[in-house]
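Residue-level listing of the chains:
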Amino acid sequence: MTPGVAAYEAYMDGVAQFTAAVDRGAFDLDALSLQTALMEPDDIVALVRDRIGFHPYTGSLRGADGALRAGAGNSLDTALLLSRLLGDSGLETRIARATLNPEQAAALTARLGRVAPAATFADPAGAQDAAAVIERASGNLGLGAGILGFIADPAGGVPAAPPKVGQEAERIVAALGPDLPGAEGLAAHLQAEVADYAWVQSRLFGADDWVDRHVLLPADTSLTLEGFIPVPVPEEMKHSVTFVAELKVREGVDTRSIPLFDTGRFTTDSAALPAPVISILPDAALKGQSDLLTAGPDSRFFFPLVNGVLPPGARAFTARGQVIPAQDVLAGGAMADLVAEVGSQLAETTDLLAAMQGGRAEDAELPPNSPVQEVLGIVLKVAYTPPGGGTRTTWERHIVDRVGPDGRAEGRITAAPGAQPTETAVLGRWTLLPAVGDISAVQLVTAQADRALGLRQDMRAVAEGGALYAFPAENPVQRLLSTHLLDRAASQGAGPGAVVYRATPGLMILRQTSAALGGGLRQAAGIDILTTGRRVLGANGAPDTAAALRAGVAETLMEYELASAILPGAGGARTPSESAWAVLSAAQSLTPVTRAQDLPQGLPPGTRAGAEADLSGGAILALAAADEGAAAWWRIDPQSGAVIGVDGLGRGGEAAEYLSLVDAIITGTFVGVGTASCTAGGGGYGCCVGTNLAWGLLGYGLLYGAGKGIEAIFLADAYTAGLIGMSVGVGTSASGWSPFNGVCS
């Protein structure tokens, strides 16, 4: 066994020992159910009361599991949690419903806020021993102590946001003036959410009387029963999200959209909240003829994947836009050959048709040399529906775009000159990340450790000279990391005393694309926040618009951080970015816009279309326009005051592009990158190293091979401490700010 492998094995032994010491009942409902199975009902109620705070929202957003993980929920999700635990202990339960009077609603509001887990380790001594093992295996760099320090998150561990956050929020307030949202609309909505109260009734035997079990109100609260809520909760009481990818194809002068798979749907109360990862697989890579990054030109068909597998109704397509059921292609036969042959013939006759005078009438308006048929792009459509069938919100994002936003706004129906060929444009992964509630530090690190342990066998194979290759699939730790960091930043921005949480699902798209470039790799990454779902209340339960603005500004700044840190090649040379934060923070002034006719002249067509779309959705804009034509704006929710910075296309996002040599994919992920930023921010070296390691998937979390021939993940003797595999480091961004720096101060 080489020294590097030996160090890795010792390191992972320490990780396994660490996870065994964690009290999983603090965030894992199945584990908690085992712990409470023999407890008395009153003791179970007391336990839930001690662990769950109150967040007002409509319907079942988090479910029983999510309320436990977040340490808070509304009355319905809290009742679902208690009902599960009492039911598993042998009692019969039902969930009752009533409307609270003003005095009772005030008592419920007094429970406002999140409860941090009371217990972290079931075996504190075992955790200390595990930290010592990790410390020795990692070369005595302070990793063990750093991990424990991060989990402890001492009082005052949430540092103040940078001054620029408050300054930018003040600029928004000054710009909007009388257009700044008031709190009246949200206050009325909050009152209705608080008054709609659910609680558990239980009994041991069928002949017994039902006993009220209140968690969020005093045990002797008397209510007028209005009915019962079925369990499982009806679909109409849940928050639901749908998604589908559509292929945009031009045929002559006609364009059409073709779904690449059946529309997917999930509700946010599920125990394992999904994060669909959409990718396109060239058939040459499937057959092993080429590696993933060079398979495009060698492929006849491209397959849509969701979390690494063919989704229901999957449709394969060619580079020219012919579409056929994926199963028919995989089965082979005459139909697949015919579709491929038609595509080939179209390609061969393009030049001839384009050169013909007086060609087909429907082609008359096309530019010279236009193909008869071509792929224009792929659109990801996402929709959110609140409980009760309320107003449905939809988003469309071009994850593959061969026309360009300005071209679409101007009505162009052909691919832009110089557009990336379809064969290479479709290579990448696009992850739809939902978020409903924050998590504890111990849950974050435990999830990272669990994932690292689950990949231990794969890493052994890599250490022995093998290649790790996997199709893009959901990485639950990636969601936890991203949302935890954004939640933490929002809390810092809002300031002390503010209650910051998600009242509807937060939704974002992570974009990661790669293309071979000589002896290196061209990588692009982007984060597009569709909606934060964020709500900010004061300690008295009233909406706090100013704190909501600060929270949104801080979240946008952290989005800027993440955009430069979600790539394995974060150590490569960064090229100019599409940055909302850069434009907004550099602008001399902000212009309030509430109507499309108030938009300034001279905006690029795509920018104007994006702004008009936000305005039509009811948002208020604080617009920043740069001299060179770049634009961005703060998008403000007129009801909640929630704000997010968006780029010049109306996307709540940041993007960064990197040019990386293959070896930079490895060396750039070394934990020292994040450590340098942390220590520069005033943190102690040991804590900074440990924090970056913990936050970076415990050194081995995000393990996706970029493809055969791109050995992005491997064990090297030069890194005996096991510090490779870091694909997210907090110190890789331009501003150098991280919410975790304060933990180590």
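This one's a predicted model, so the numbers in the text were calculated from it and none came from an experiment.

Q: Explain the overall build of the protein chain to me, using residue names and the numbers behind them.
A: Helix and strand counts for the protein chain come out as 24 helices and 26 strands. In the protein chain, the share of contacts with a sequence separation of at least 24, taken over all contacts with a separation of at least 6, comes to 73%. Here the protein chain has roughly 28300 Å² of accessible surface; of this, 54% comes from carbon and sulfur atoms.

Q: Can you break down the pattern of salt bridges residue by residue, with the values?
A: Taken as a whole and judged by the stated rule, the model has 24 salt bridges. Glu92 is the partner of Arg203 in a salt bridge, and the nearest nitrogen-oxygen pair spans 3.0 Å. Placement of the pair is Arg203 in strand β4 (residues 196-203) and Glu92 in strand β3 (residues 92-99), with a sequence separation of 111 residues. Notably, a salt bridge pairs Lys238 with Glu235, separated by 3.2 Å at the nearest N-O pair. The class of Lys238 is buried, set by a relative accessible area of 11%.

Q: A description of the sheet that holds strand β6 (residues 227-229) should follow, citing residues and the corresponding values.
A: Across the sheet, which stays open at both edges, the 4 strands sit in the order β5-β4-β3-β6 with antiparallel pairing between neighbours. On the outer flanks of this sheet lie β5 (211-213) and β6, each paired with one strand and no other. Neighbour-to-neighbour, the strand axes of the sheet open up by a mean angle of 45°, direction not taken into account. Sheet analysis places β3 next to β6, joined by 3 bridges and oriented antiparallel. Bridge pairing in β6 places Arg97 opposite Gly227. Lying on the sheet, helix α10 (residues 184-195) is in contact with β3 and β4; it crosses β4 at an angle near 10°.

Q: So what about helix α2 (residues 29-36)? Which residues, and what values?
A: An α-helical turn contains 3.6 residues, so a residue and the one three or four places further along point in the same direction. Listed as buried for α2 are Leu29, Ala31, Leu32, Ser33 and Thr36. Against α3 (41-51), α4 (63-70) and α5 (75-88) lie the buried residues of α2. If you check the start of α2, you find a side-chain oxygen 3.0 Å away from the backbone N of Asp30, and it comes from Asp28.

Q: So what's going on with helix α21 (residues 605-616)? Which residues, and what values?
A: Between its terminal C-alpha atoms α21 stretches 16 Å, which fits the 16 Å expected from 12 residues at 1.5 Å a residue. Where α21 is buried, its residues contact α14 (405-409), β22 (591-593), β23 (620-625), β24 (631-636) and β25 (643-646). Following α21 by one or two positions, Gly618 has its phi on the positive side, about 100°.

Q: Give me the packing of α3 against α5: which residues, what numbers.
A: Across the interface, α3 lies against α5 with an axial gap of 10 Å and an inter-helix angle of 145°. For α3 against α5, the interelement crossing comes out right-handed. Between α3, through Pro41, Ile44, Val45 and Val48, and α5, the contact on the second element is made entirely by Thr78, Leu81, Leu82, Leu85 and Leu86. Here the residues of the contact of α3 with α5 are counted per class, giving 8 nonpolar, 1 polar and no charged.

Q: Can you tell me about the packing of α2 against α5, naming the residues and giving the values?
A: Taken N-terminus to C-terminus, the directions of α2 and α5 make an angle of 45°; their axes are 9 Å apart at the nearest point. Taken together, α2 and α5 sit at an angle that is classed as oblique. Helix-helix and strand crossings are classified by hand; for α2 and α5 the assignment is right-handed. Contacts from Leu29, Asp30, Leu32, Ser33 and Thr36 in α2 reach Leu81, Arg84, Leu85 and Asp88 in α5. When grouped by side-chain class, the residues that make up the contact of α2 with α5 number 4 nonpolar, 2 polar and 3 charged.

Q: Can you break down the sheet that holds β23 residue by residue, with the values?
A: The strand order β22-β23-β24-β25 describes an open sheet built from 4 strands, whose pairing is antiparallel. Across the chains shown, the open sheet's two edge strands, defined by having one partner strand only, are β22 and β25. Strand after strand, the sheet turns through a mean of 25° between neighbouring axes, direction not considered. Helix α9 (residues 163-176) contacts β22, β23, β24 and β25 of the sheet and is inclined by roughly 80° relative to β24.

Q: Describe the packing of aromatic side chains, with residues and values.
A: Counted according to the given criterion, the structure contains 6 aromatic pairs. Judged by centre distance (5.8 Å) and plane angle (15°), the ring pair of Tyr197 and Trp199 falls under stacked. You'll find Tyr197 and Trp199 in the same group, each marked buried. The structure contains a cluster of three or more aromatic residues connected by ring pairs, namely Phe243, Phe261 and Phe266.

Q: Give me the lowdown on the environment of Leu29, citing residues and values where you can.
A: Relative to the helices and strands, Leu29 is located in helix α2. Distance in space between the C-alpha atoms of Leu29 and Ala67 is 9.7 Å, their sequence separation being 38 residues. Residues within four places of Leu29 in sequence aside, it is in contact with Ala64, Asp65, Leu68, Leu81, Arg84 and Leu85.

Q: Could you give an account of the pairing of strand β10 (residues 277-282), with specific residues and numbers?
A: The element β10 is largely enclosed, with a buried count of 6 among its 6 residues. The side-chain alternation of β10 yields two buried faces, one formed by Val277, Ser279 and Leu281 and the other by Ile278, Ile280 and Pro282. In this structure, β10 lies alongside strand β11 (residues 302-306), joined through 5 bridges in antiparallel fashion. Among the inter-strand pairings, Leu281 is bridged to a residue of β11, identified as Phe303.

Q: Describe the environment of Gly495, naming the residues involved and giving the relevant values.
A: Assignment of secondary structure puts Gly495 in the loop between α18 (476-494) and β17 (499-502). We classify Gly495 as buried; its relative accessible area is 17%. Between the C-alpha atoms of Gly495 and Ala548, which are 53 residues apart in sequence, the distance is 9.7 Å.

Criteria and cut-off values
- Residues numbered from 1 in each chain as written.
- Predicted model: local features only at pLDDT ≥ 70, side-chain atom pairs only at ≥ 80, totals over all residues.
- Heavy atoms only, no water.
- Helix = DSSP H or I, 4+ residues; strand = E, 2+ residues; numbered from the N terminus.
- Contact = heavy atoms within 4.5 Å.
- Areas by Shrake-Rupley, 256 points an atom, 1.4 Å probe, with all protein chains shown as cover.
- Salt bridge = Lys/Arg side-chain N within 4 Å of Asp/Glu carboxyl O.
- Buried < 20%, exposed > 50% of the residue type's maximum accessible area, 1.4 Å probe, protein only.
- Pairing = 2+ DSSP bridges.
- Axes fitted to C-alpha atoms, helices over the stretch in contact; angles between N-to-C directions.
- Polar contact = N/O pair within 3.5 Å; in protein donor to acceptor, adjacent residues only side chain to side chain.
- Expected span 1.5 Å × (residues − 1).
- Left-handed = near helix turned anticlockwise from the far one by under 90°.
- Nonpolar A, V, L, I, M, F, W, Y, C, P; charged D, E, K, R; others polar.
- Parallel < 35°, antiparallel > 145°, perpendicular 65-115°, else oblique.
- Phe/Tyr/Trp six-rings, centres within 6.5 Å; stacked < 30°, edge-to-face > 60°.

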